[in-house]
Amino acid sequence: MKNFFLASSLFLPFLLMAQPELAIDYNLGSEDAFDCFLCTEQPTARVGTGIVTVATTPETGAELSFLDNGEFSLLKDINPGGDDGDITQLTSRNGLAYFAASDPVNGGAVWVTDGTEAGTVVYFDPDPANTSSDITGMEFGADGALYVVLGTTLYRFFDGVGTQLASSVTLSTARDNFPGGGITSYQDGVAYLSNDSETANGGLFYATDTVRRLASIPGQRSFDQAFDPMEVNGNLLFSLSASGNSPERQAAYVYDSAADTLIRYLGADGESLFVSQWYEVSDGARVGRVQVGRDIVHYAFDGMNDPVLLPGSGEYTLAARQTAPSVMVGDTLIWQTQGGVFSRQTIRITDGTVAGTATVFETAFATRVSNLISAGGFVFFTVDRGSRQPLTFYRYELATAVLVDFYSAPVPDDGNPDFSLQLLTVQDNQLYFAGNLIDSLGRELYRIDTGVEIVGTRNQRNVPQLDVTVTSENFTINSTKNGAADVTVFSLDGRLISRSTAPVNSATAIGAYSGIRLYVFEYDGRVAVRRMPGRR
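Note that this is a predicted model, so its numbers are computed, not measured. Counting restarts for each chain, with residues numbered from 1 along the sequence as it is written. Since the coordinates come from a predicted model, pLDDT governs what is reported: local features require at least 70, and pairs of side-chain atoms require 80 or more to be given and counted, while whole-chain, interface and lining totals use all residues. With hydrogens and water excluded, all non-hydrogen atoms of the structure serve as input to the side-chain values.

Visitor: Lay out the overall build of the chain with the relevant residues and their values.
Guide: Only DSSP runs of H or I reaching four residues or more are called helices, and only runs of E reaching two or more are called strands; each is numbered from the N terminus. Counting secondary structure elements, the chain contains 0 helices and 44 strands. The proportion of buried residues among the 536 residues of the chain is 54%. The long-range fraction of contacts in the chain, counting pairs at least 24 apart against all pairs at least 6 apart in sequence, stands at 46%. Residue exposure (1.4 Å probe, protein chains only): buried if accessible area is under 20% of the type maximum, exposed if over 50%, otherwise partly exposed. Should any heavy atoms of two residues lie within 4.5 Å, those residues are considered in contact.

Listed below in structure tokens is the structure:
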């Protein structure tokens, strides 16, 4: 029976609440349909109104699957038969999803899908001879070209033509002991940190149709681990960890593009600041995770001035290859700042300033907080408090800063207390997630009603931000293209008010109403959310 409610094993007071429902038993029997190594977030990418992800059956192995309008199915068996397609690097661009995959015919290649089997095809095969199948990094540059690292070779694909740019490119990736940096869009191309280049030295590099070194690694020839880089205000932030005793061996840096200078960040004690995880807040701000003794603190960086220490600190233990849950919505970051097994769990929100940092959620005892996803002005997450304790679903409304637990119930007697949920997306007001709610079924796809009407449901961890200028009289959606943007308006309690379109690059008058409403702007794969007072 593929769809049923779990209410039969719950207490009567919970029957009036939304209940988790099995969406599909995709991998029949007790085997898992979804991987749960460390149970970090499940890789997804938006395609049209749905999402693609990776799911497993014995007949296909781990392959590309599609969820749309409540229906979940295999999209394409990239590597035919029971072997995995080795799908990684899922990313959305202009309504399509791009990803790296491997099969006996193409080896390691970049694929693209429009959400149909016929439209799931090889986009760029950097090595037709199939000498390597390991794509360690891929990114679309600001010039529109695709940059791919296959093995240790960097390629550029533009206008249907692939060009080899460099060999001996060794990226620090999530497959290393700790998740690190890859390739990032920068200026007219991309930037990346590599342990080797044509001259056999590590450094920060910039690639367009050629490659040049922006900076060498200070104090050493190579590093053990690199973290990002990330562009902010035209400059590049990154951090490095290396063996040795030099002050530079663990440090965060900014590359000042105007001065062509590399600057090391120092703490109040004069020692190097080492950022082990970077978060994007807005075009002008990033947040860095720094360990001080046993505590974790966070600094805000703008790439031009000294970093600012944000409020809040505490212990947070991460395993190798594990990252702290986070999501960026508009010009706001929501992320877990404290956690670990049997530790206080804390989630905070920030706009990159001290005054704009606040606590969203805090609990003294919990085993795990899930990944965070956003949809229509809400952020969703779950808290698993461990053996025979409630599993709780939360939604946080950005406009009102109100946190609601919309489902909480004891563990069923025959259930597995290690739920380890992975939230996937919100479609038609339903939150979809992978989990182990029924032990006899393994990790399968479930859904639960969010209890509110969700508008503009996009499931991007870092949705590209749309530039919207707002005055007291009107708003203007700014873009290099021309067209019409989707504009959805709803009240602070989540009630849908209107759906319409507005011309891009032209001022549109704000309606006459009292109070504050939440506007969701969507255009060209970008999103902006704004709280806007009405014109009385």
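Resuming the write-up.
Visitor: Describe the side chain of Thr 113, naming the residues involved and giving the relevant values.
Guide: Following the sequence through the fold, Thr 113 ends up in strand 8 (residues 107–113). The definition of a polar contact used here is a pair of N or O atoms within 3.5 Å, where within protein one atom must be able to donate a hydrogen and the other to accept one, and adjacent residues in sequence count solely through side-chain atom pairs. Within the structure, the side chain of Thr 113 is placed 3.0 Å from the backbone nitrogen of Gly 115, a separation counted as a polar contact. Look past the residues within four positions of Thr 113 in its chain and what remains in contact with it is Val 47, Val 52, Leu 64, Leu 75, Leu 96, Ala 97, Phe 99, Gly 119 and Thr 120.

Visitor: Report on unusual backbone geometry, specifying residues and quantitative values.
Guide: Within the chain, Asn 69 stands out as a residue other than glycine whose phi angle is a positive 55°. Within the secondary structure layout, Asn 69 lies in the loop between strand 4 (61–68) and strand 5 (71–76). Positive phi values are uncommon outside glycine, yet Asp 86 reaches one of about 50°. Relative to the elements of secondary structure, Asp 86 occurs in the loop between strand 5 and strand 6 (88–93).

Visitor: Break down the environment of Tyr 253 for me, citing the residues and quoting the values.
Guide: One can find Tyr 253 in strand 20 (residues 250–256). Judged by its relative accessible area of 1%, Tyr 253 falls in the buried class. Distance from Tyr 253 to Phe 274, taken between C-alpha atoms, is 8.9 Å for residues 21 residues apart in sequence. Not counting residues within four places of it along the chain, the set of residues in contact with Tyr 253 comprises Pro 218, Leu 236, Leu 237, Phe 238, Leu 240, Glu 248, Leu 262, Ile 263, Arg 264 and Tyr 265.

Visitor: Provide a residue-level description of the sheet that holds strand 18 (residues 225–232), including the pertinent values.
Guide: The antiparallel open sheet is built from 4 strands, whose spatial order is 18-19-20-21. Both outer strands of the open sheet, strand 18 and strand 21 (261–264), are each paired with one neighbouring strand and no more. Across the sheet, the mean angle separating the axes of adjacent strands is 20° when strand polarity is ignored. Here, strands pair whenever DSSP counts at least two bridges between them. One ladder, built from 6 bridges, connects strand 18 with strand 19 (residues 235–241); its direction is antiparallel. Bridge pairing in strand 19 places Phe 227 opposite Ser 239. Helix axes are fitted to C-alpha atoms over the stretch in contact, other axes to C-alpha atoms as well, and angles between N-to-C directions run from 0 to 180 degrees.

Visitor: Quick rundown of a negative patch on the surface? Include the residues and the values.
Guide: Patch rule: a residue counts if its relative accessible area is over 30% and it has no salt bridge; like charges are joined within 9 Å, and nonpolar side chains (Val, Leu, Ile, Met, Phe, Trp, Tyr) within 5 Å. Calculation of accessible area relied on Shrake-Rupley with a 1.4 Å probe; when residues are assessed, cover is drawn exclusively from the protein chains displayed. Between Lys or Arg on one side and Asp or Glu on the other, a salt bridge is scored when a side-chain nitrogen of the former is within 4 Å of a carboxyl oxygen of the latter. Residues counted as positive are Lys and Arg, residues counted as negative are Asp and Glu, and His and the chain ends are not counted. To locate a charge, take atom NZ for lysine, CZ for arginine, CG for aspartate or CD for glutamate. Residues Asp 283, Asp 331, Asp 351 and Asp 467 make up a contiguous surface patch of negative charge. Within the element layout of this structure, Asp 467 appears in strand 38 (residues 467–470). Look at Asp 467 and you get partly exposed, because its relative accessible area is 44%.

Visitor: Lay out the confidence of the model for the chain with the relevant residues and their values.
Guide: Residue-level confidence of the predictor, termed pLDDT, takes values from 0 up to 100. In the predicted model, the chain carries a mean pLDDT of 83, and 82% of its residues have values of at least 70. In the model of the chain, strand 44 (residues 526–533) stands out as the element of lowest mean pLDDT, 77, in contrast to strand 5, which has the highest, 96. Considering only residues more than four positions removed or in separate chains, one finds that residues 176–180, a stretch of pLDDT under 50, has 24 contacts. Note that residues 457–462 has pLDDT below 50 and, in this model, 25 contacts with residues that lie over four places away or in other chains.

Visitor: Explain the nonpolar core to me, and be specific about the residues and the numbers.
Guide: What makes a nonpolar core is a set of buried Ala, Val, Leu, Ile, Met, Phe, Trp, Tyr and Cys residues whose side-chain atoms join them at distances within 4.5 Å. Among the nonpolar cores identified, the biggest contains 21 residues, and Phe 380, Phe 393, Leu 431 and Phe 433 are the most heavily contacted of them. Residue assignment for this core shows that the elements contributing at least two residues are strand 31 (373–375), strand 32 (378–384), strand 33 (391–397), strand 34 (402–409), strand 35 (422–427), strand 36 (430–435) and strand 37 (444–449). One finds Ile 347, Val 379, Phe 381 and Ala 399 within the second-largest nonpolar core, a separate group that totals 20 residues.

Visitor: Go over the environment of Ala 215 with me, naming the residues and quoting the values.
Guide: Inspection of the secondary structure assignment puts Ala 215 in strand 17 (residues 211–216). On a C-alpha basis, the gap between Ala 215 and Tyr 255 in space is 7.9 Å, while along the polypeptide they are 40 residues apart.

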